[in-house]
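Listed below are the residues making up each chain.
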Amino acid sequence: MSRLIVISNRVQSTGGEGSTNQGGLAVALSAALRESNGIWFGWSGDEIDHFTGHINFQRHGGVATATVDLEAQDVEEYYNGFANRTLWPLFHYRIDVAEFERGFADGYERVNARFADTVQPLIEPDDLVWVHDYHMIPLGAELRRRGVGNRMGFFLHIPWPPMRLLLALPNHRELVEAMFAYDVIGFHTRDWLDSFFDYIRVEFPEIYRDGEDRLVIGDRAVRVIACPIGIDAAAFRASAEQPEALATYERMRISANGRDLIIGVDRLDYSKGLQERFLGYERFLSSHATAHGRVFLLQIAPPSREDVQSYREIRSALDSLSGRINGEYATVEWVPIRYVNKGYPRDQLAGIYRAARVGLVTPLRDGMNLVAKEYVAAQDADDPGVLILSRFAGAAEQMRDALLVNPHSPEEIADAIAQALSMPKAERIRRWQALMAGVADQDVIWWQRCFASALSEPSSSPATVE
Ligand code: ADQ
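A quick note: this is a predicted structure, and the numbers were derived from the prediction, not measured. (Residues numbered from 1 in each chain as written. Predicted model: local features only at pLDDT ≥ 70, side-chain atom pairs only at ≥ 80, totals over all residues. Heavy atoms only, no water.)

(A) Examining the sheet that holds strand 10 (residues 220-226) more closely. Reading across the sheet, the 10 strands line up as 3-4-2-1-5-6-7-10-9-8 and stay open at both edges, with mixed pairing between neighbours. Whereas interior strands pair on both sides, the edge strands pair on one side only; in this sheet they are strand 3 (56-60) and strand 8 (208-210). Strand-to-strand twist across the sheet, computed as the mean angle between neighbouring axes with direction ignored, equals 25°. Two strands pair when backbone bridges link them, and strand 1 (residues 4-10) and strand 2 (residues 39-48) are joined in this way by four bridges, in the parallel orientation. Bridge assignment links Val 6 to a residue of strand 2, and that residue is Trp 40. The sheet contacts of helix 7 (residues 190-203) involve strand 7 (184-187), strand 8, strand 9 (214-217) and strand 10, and relative to strand 10 the element is tilted by about 145°. (Pairing = 2+ DSSP bridges. Helix = DSSP H or I, 4+ residues; strand = E, 2+ residues; numbered from the N terminus. Axes fitted to C-alpha atoms, helices over the stretch in contact; angles between N-to-C directions. Contact = heavy atoms within 4.5 Å.)

(B) Expanded view of the sheet that holds strand 16 (residues 403-405). Taken in spatial order, the six strands line up as 13-12-11-14-15-16 in an open sheet, and their pairing is parallel. The open sheet terminates on both sides in strands that have one partner only, identified here as strand 13 (337-340) and strand 16. Pairs of neighbouring strands in the sheet enclose a mean axial angle of 20°, with direction left out of account. In the sheet, strand 14 (residues 358-361) pairs with strand 15 (residues 386-390) via four bridges, with the strands oriented parallel. Bridging from a neighbouring strand, Val 358 pairs with Val 386 of strand 15.

Shape is all these values report; function is a separate question.
Here's what the structure looks like:
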């Protein structure tokens, strides 16, 4: 079995066996890394005065990690800049908040070159290299320039934008050309994959598409696959029945005091559609007076990326919107929105999901959205809640038995909330069983195998990118 080298912006907590705060991605990659005796490489999250390329090796829960520190200017231009102020908004269809600064693009290139210089000596001839996400798109090409001939794959965790949006990026061709250095490119959904092929057809007409999933570029082939990420379904389901989750569930039930709980859990990000969600809920309150005092929305949204202006703006917009709705509808004994700006440990989160009659997951765009899957996995099989899911989340491609809504439409959100709250138990159970079967079947280990098997199948001779 070949050794796996995983490269991502941040190395996630690889915990120990049974660590309950590990995300699904960390679980799947840690398992594969442990099995193959591999290494997970990335930025430490720390800053240093001058970049040295010094690698800090550690071992957590049997997984070897290798991290480097970056200079403040690198963090500003590469991470806060090109990754989070240019690519993230553009790839989430938010060209209005995307910023196109040459300094950001330069910093992005510089940091990818630094990562390549640093990680290259760790790569041995038979290793499989798996690069993750939009922070690292050009890394594969940088490694090829340094003579790395290994099988290399790239997985994008966020949407791939429609061609016409991508054209707004000044260096779009360079960015996409760099992707041809990989042997396998993975997206979550057919939708993102189709947008990628559309772009290639128009911008690189000389590239031949061989069948469904191969691009022939000169003397080599790149496989392009849709491989949707899942959660660690069995573990999440089990954690919803552990004492910590059950205690949280009980606390939620007592605090709900017979009212129906609608739950939202998201990083505080403009792509998650939080304002639209609050407006949809407000529409529900304005058109369903009988629900007043009988239902409440708990929105858990820990702030993220607060160094970026657009994130500070969304936070303050949500503060005032939740205040306005509560001001209008609250009574002395009922608050319609409980808005909490902090994160919770996963087992407590599982208990909160389980206590919720409705899971409201309404991003405007999302590569996948794991909260939708976690909500389903945490439910009580005999009395499950109802998932309301945005059509524009990658997860909607698999989760057809959710109530699918257009997150821009307050009426659709309001109608779906009303439908969910009055749904007969038999229908709730039928929908949940279908959703749970998919979540359990295509879990995060399935996803890891789906990508890793494409990566380990030789399909072309190693490339050298000039
Ligand atoms: P994210 O944008 O971070 O991920 P998502 O898929 O929803 O979005 O995952 C969020 C994770 O963070 C979930 O596991 C959730 O439980 C956790 N989380 C969120 N809020 C939390 C809170 N308040 N407390 C504790 N935990 C919280 C990116 C892409 C997604 C894609 C994933 C994986 O944007 O589209 O699904 O990568 O590929």
